[in-house]
Amino acid sequence: MVTRIISAVVAALIGAGILCFAHTAVLPAAVAFLSVLGVFELYRANKLTEYKLMTALACTFTGIYPFLVVYTNVKIIQLFTTAVITGIFAAYLPLHNRMSFEKLSYAVLMPLLLGNSMSSLCRLELLSERHGVAFIVLSLCGAWAADTAAYFTGTFFGRHKLCPEISPKKTVEGFIGGIVFDGLFFVLFNSVYVYFFARDCGVNYFSSFILGMICAALGTVGDLSASLIKRQCGIKDYGKIMPGHGGFMDRFDSVLFVVPFMYAYLSAINIYV
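Figured I'd write up the structure that's included with this text. In this text, all values refer to a predicted model and were calculated from it rather than measured experimentally. (Residues numbered from 1 in each chain as written. Predicted model: local features only at pLDDT ≥ 70, side-chain atom pairs only at ≥ 80, totals over all residues. Heavy atoms only, no water.)

## Focus: unusual backbone geometry
A positive phi angle is found at Lys47, which is not glycine, with a value near 55 degrees. Topologically, Lys47 is positioned in the loop between helix 2 (26-45) and helix 3 (52-71). (Helix = DSSP H or I, 4+ residues; strand = E, 2+ residues; numbered from the N terminus.)

## Concerning the side chain of Arg123
The residue Arg123 is located in helix 5 (residues 101-127) in this model. Of the buried charged residues, Arg123 lacks a salt bridge, with Glu125 as the closest side chain of opposite charge at 11 Å. Look past the residues within four positions of Arg123 in its chain and what remains in contact with it is Tyr65, Val69, Asn116 and Tyr263. (Buried < 20%, exposed > 50% of the residue type's maximum accessible area, 1.4 Å probe, protein only. Lys, Arg positive; Asp, Glu negative; His and termini not counted. Salt bridge = Lys/Arg side-chain N within 4 Å of Asp/Glu carboxyl O. Contact = heavy atoms within 4.5 Å.)

## Things to note about a nonpolar patch on the surface
A grouping of Leu188, Val192, Tyr195, Phe196 and Phe197 is seen on the molecular surface, where their side chains present a nonpolar patch of about 580 Å² in accessible area. By secondary structure assignment, the location of Leu188 is in helix 7 (residues 172-197). According to the relative accessible area criterion, Leu188 is exposed, its value standing at 54%. (Patch = residues over 30% accessible without salt bridge, like charges linked within 9 Å, V, L, I, M, F, W, Y side chains within 5 Å. Areas by Shrake-Rupley, 256 points an atom, 1.4 Å probe, with all protein chains shown as cover.)

## Some points on the packing of aromatic side chains
Enumeration over the complete set of coordinates arrives at 13 aromatic pairs. Between Phe185 and Phe186, the ring centres sit 6.4 Å apart and the planes meet at 70 degrees, which makes this aromatic pair edge-to-face. Grouping aromatic residues by their ring pairs yields a cluster made of Phe135, Tyr193, Phe197 and Tyr272. Cation over ring: Arg199 sits above Tyr195, and NZ or CZ is 4.2 Å from the ring centre. (Phe/Tyr/Trp six-rings, centres within 6.5 Å; stacked < 30°, edge-to-face > 60°. Lys NZ or Arg CZ within 6 Å of the ring centre and 35° of its normal.)

## Overview of the environment of Asp147
With respect to the element layout, Asp147 can be found in helix 6 (residues 132-157). Spatially, the C-alpha atom of Asp147 lies 7.6 Å from that of Ser254, the residues being 107 residues apart in sequence. Aside from chain neighbours lying at most four places away, what touches Asp147 is Lys170, Asp223 and Arg251.

## Looking at the packing of helix 5 against helix 6
In the contact formed by helix 5 and helix 6, the axes pass within 6 Å of each other and the chain directions differ by 145 degrees. Relative to helix 6, helix 5 is oriented so that their crossing is right-handed. On helix 6, the residues touching Leu121, Leu124, Glu125 and Leu127 of helix 5 are Gly132, Phe135, Ile136, Ser139 and Leu140. Residues belonging to the contact of helix 5 with helix 6 are distributed by class as follows: six nonpolar, two polar and one charged. (Axes fitted to C-alpha atoms, helices over the stretch in contact; angles between N-to-C directions. Left-handed = near helix turned anticlockwise from the far one by under 90°. Nonpolar A, V, L, I, M, F, W, Y, C, P; charged D, E, K, R; others polar.)

## A look at the pattern of salt bridges
Taken as a whole and judged by the stated rule, the model has six salt bridges. Arg130 is the salt-bridge partner of Asp200, the closest N and O atoms lying 2.4 Å from each other. Placement of Asp200 in the loop between helix 7 and helix 8 (205-233) and of Arg130 in the loop between helix 5 and helix 6 is noted, with a sequence separation of 70 residues between them. The class for Asp200 is exposed, based on a relative accessible area of 58%. Under the relative-accessibility criterion, Arg130 is labelled partly exposed at 44%. Here Arg251 ties to Asp147 by a salt bridge, and the two come within 3.5 Å at their closest N and O atoms. A residue pair is termed long-range when its members are at least 10 positions apart, and Arg251 in helix 9 (residues 248-252) and Asp147 in helix 6 qualify at 104 residues. Judged by relative accessible area, Arg251 falls into the buried class, the value being 18%. Note on Asp147: relative accessible area 24%, which makes it partly exposed. Counted as one network, the salt bridges with shared partners bring together Asp147, Lys170, Asp223 and Arg251.

## Focus: the nonpolar core
Judged by nonpolar contacts, the single largest core of 69 residues is most densely connected at Tyr43, Met54, Met99, Met262 and Tyr272. With 11 residues, the top contributor of residues to this core is helix 5. (Core = buried A, V, L, I, M, F, W, Y, C linked by side-chain atoms within 4.5 Å.)

## Some words on the state of the cysteines
When the sulfur atoms of two cysteines share a covalent bond, that bond is a disulfide. Taken as a whole and judged by the stated rule, the model has zero disulfides. You can see Cys122 has no disulfide; the closest cysteine sulfur is in Cys20, sitting 16 Å from it. Of the residues examined, Cys122 reaches a relative accessible area of 1% and is grouped as buried. Take Cys215: it sits in no disulfide, and the sulfur closest to it among the cysteines is that of Cys141, at 12 Å. According to the relative accessible area criterion, Cys215 is buried, its value standing at 0%. (Disulfide = S-S within 2.5 Å.)

## Focus: helix 5
Compared with an ideal rise of 1.5 Å per residue, which puts 27 residues at 39 Å, helix 5 spans 38 Å between its outermost C-alpha atoms and is within 8% of the ideal. Taking the largest bend as the criterion, helix 5 deviates by roughly 30 degrees, centred on Ser120. (Expected span 1.5 Å × (residues − 1). Bend = angle between axes of the 7 residues up to and from the residue.)

Now the structure itself:
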């Protein structure tokens, strides 16, 4: 437990330092690093790293994608994405006798998933020059807060298993507790943020509460999806980069679907009025 706490504190300090320079190239560089790490862990889990060209293309895609989001336009992103997908398929052709099409689908999907999900952190910053950093913090903390609340609620009140074959410790009660808590967390976070940093703004409390609950549910989907991949690949953790936590994917799995949804939601609905 001490190791987990120390790792979390160190990671939080590094994250805070990165957010201090969120308006510079530091943010896309950090997102690129994490994205490459995540896709490499996912490739390694399914024994795809032996295919060097395919792995290089996937890592290149996730490493460059955040910079394209920040500094280019949709047309360039589409062109780059098409080129990389074509490259992965081309790399597969001479491997078709020893690599299944299911693995090819996985090889294509994972960089697209990581590229879109993690780069949405950059999109959140671009969404509002004033509130962009708050959007990023809310997205990340919201995903992890729901996960933590679900764990403790399930520990004390859990009776019914949610998905026992995928994650034996998750319970229906914990899932509901995480959803409710996250709705309240979003309301509290926005209230504190507006009071200290944006006094000329108000908070749409209903929208904040709904957003928090949806993000909690999406975080659970991400968590279970990553756990399912681990089980089917026969591994316990994705890596050891964070002592006590595992790899990048062990810590950021609940973020994968939350962040792009946050960007889509906040693009359409204002929570600060």
